[in-house]
Amino acid sequence: MSEVKDTITVHLNVEITTQSLKTIVENAKKKAGRDENGIYRIDTADKVSEMVSRFLLEKDFESYVKK
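Owing to the predicted nature of the structure, the values given are computational and were not obtained by experimental measurement.

Draft legend 1. Here's a closer look at a nonpolar patch on the surface. There is a patch of nonpolar side chains on the surface, built from Ile8, Val10, Leu12, Val14, Ile16 and Leu21 and spanning about 580 Å² of accessible area. Relative to the helices and strands, Leu12 is located in the segment before α1 (18-32). Among the residues examined, Leu12 registers a relative accessible area of 55% and is labelled exposed.

Here you go:
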């Protein structure tokens, strides 16, 4: 079972490559699929936030900032 961390949401600008953003959007669309009108109903900005947050937790950002 994974450890629960005390976290907060921080709104900021993060610089990523255009290819990373394209890949996140493509994968999010594949997972969400289209609705009955053929429209994707997914907030890709939320997906970017989820991906960056998960990466920071998995790569132990907390230890990095303590250096």
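Draft legend 2. Molecular detail of unusual backbone geometry. In this structure, Asp60 is a non-glycine residue whose phi angle is positive, near 60 degrees. Here Asp60 lies in the loop between α2 (44-58) and α3 (61-66). Using a relative accessible area of 35% as the deciding quantity, one classes Asp60 as partly exposed.

The rules behind the values
Residues numbered from 1 in each chain as written. Predicted model: local features only at pLDDT ≥ 70, side-chain atom pairs only at ≥ 80, totals over all residues. Heavy atoms only, no water. Patch = residues over 30% accessible without salt bridge, like charges linked within 9 Å, V, L, I, M, F, W, Y side chains within 5 Å. Areas by Shrake-Rupley, 256 points an atom, 1.4 Å probe, with all protein chains shown as cover. Salt bridge = Lys/Arg side-chain N within 4 Å of Asp/Glu carboxyl O. Helix = DSSP H or I, 4+ residues; strand = E, 2+ residues; numbered from the N terminus. Buried < 20%, exposed > 50% of the residue type's maximum accessible area, 1.4 Å probe, protein only.

This is a description of form; function is not addressed.
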